[in-house]
Amino acid sequence: MKIIKNLLLFQKKIFFTAYSFAILVGIIFGGELKVIGLSYLFFCHAMHFFVYDLKDRNQYYYYYNLGISNLKLWFSTTLLGLINLLILVLI
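Anyway, here's the lowdown on the structure attached to this text. Quick caveat: nothing in here was measured; it's all calculated off a predicted structure.

1. Thoughts on helix H1 (residues 2-28)
Moving on, step 1. Look at H1: 39 Å from first C-alpha to last across 27 residues, which is about the 39 Å you get at 1.5 Å a residue.
Moving on, step 2. Maximal helix bending in H1 amounts to about 45 degrees, located at Lys12.
Moving on, step 3. For H1, the complete set of buried residues consists of Asn6, Leu7, Phe10, Gln11, Ile14, Ala18, Tyr19, Ala22 and Gly26.
Moving on, step 4. Residues of H1 that are buried in the fold lie against helix H2 (33-55), helix H3 (59-65) and helix H4 (70-90).

What follows is the structure in structure tokens.
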């Protein structure tokens, strides 16, 4: 449970910004939920890269000290994007 809480803390920084861009792109390209889900899948990875790899690389040490590796953080971003896409496609 502690690991999930920390992963959600990690995702909190990128979720709302990436979702805002995804909704904007979705509206521009037709407003379908599938397009929003696909664009979120792209933007969540882009925001993860810009926020954590370029802007503030030292925050990885916080999660590393909690036992969460960089690979697990990228996997959580991918998993959240795929879950979001699946939900939006099924609606």
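2. Focus on the packing of H1 against H4
Moving on, step 1. At their nearest, the axes of H1 and H4 sit 11 Å apart, and the two run at 50 degrees to each other. As the angle between them shows, H1 and H4 are arranged oblique. With respect to the hand of their crossing, H1 and H4 are arranged in right-handed fashion. Listed contacts from H4 to Leu7, Phe10, Gln11, Ile14, Phe15 and Tyr19 of H1 are Leu73, Ser76, Thr77, Leu80, Asn84 and Leu88.
Moving on, step 2. Here the residues of the contact of H1 with H4 sort into eight nonpolar, four polar and no charged.

3. Topic: the nonpolar core
Moving on, step 1. Ranked by size, the top nonpolar core spans 18 residues in total, and within it Phe10, Ala18, Tyr40, Tyr52, Tyr63 and Leu73 carry the most contacts.
Moving on, step 2. Take this core: its biggest share by element is seven residues, from H2.
Moving on, step 3. Contacts of Phe10, omitting those with residues within four sequence positions, involve His48, Tyr52, Tyr60, Tyr63, Leu73, Ser76 and Thr77.

4. Describing the packing of H1 against H2
Moving on, step 1. In the contact formed by H1 and H2, the axes pass within 7 Å of each other and the chain directions differ by 135 degrees. With respect to each other, H1 and H2 are oriented oblique. Crossing angle aside, the handedness with which H1 passes H2 is right-handed. Along its contact with H1, which presents Phe10, Lys13, Ile14, Phe15, Thr17, Ala18, Tyr19, Phe21, Ala22, Ile23, Val25 and Gly26, the element H2 presents Val35, Ile36, Ser39, Tyr40, Phe43, Cys44, Met47, His48, Val51 and Tyr52.
Moving on, step 2. Here the contact of H1 with H2 is built from residues that sort into 17 nonpolar, four polar and one charged.

Rules behind the numbers
- Residues numbered from 1 in each chain as written.
- Predicted model: local features only at pLDDT ≥ 70, side-chain atom pairs only at ≥ 80, totals over all residues.
- Heavy atoms only, no water.
- Helix = DSSP H or I, 4+ residues; strand = E, 2+ residues; numbered from the N terminus.
- Expected span 1.5 Å × (residues − 1).
- Bend = angle between axes of the 7 residues up to and from the residue.
- Buried < 20%, exposed > 50% of the residue type's maximum accessible area, 1.4 Å probe, protein only.
- Contact = heavy atoms within 4.5 Å.
- Axes fitted to C-alpha atoms, helices over the stretch in contact; angles between N-to-C directions.
- Parallel < 35°, antiparallel > 145°, perpendicular 65-115°, else oblique.
- Left-handed = near helix turned anticlockwise from the far one by under 90°.
- Nonpolar A, V, L, I, M, F, W, Y, C, P; charged D, E, K, R; others polar.
- Core = buried A, V, L, I, M, F, W, Y, C linked by side-chain atoms within 4.5 Å.

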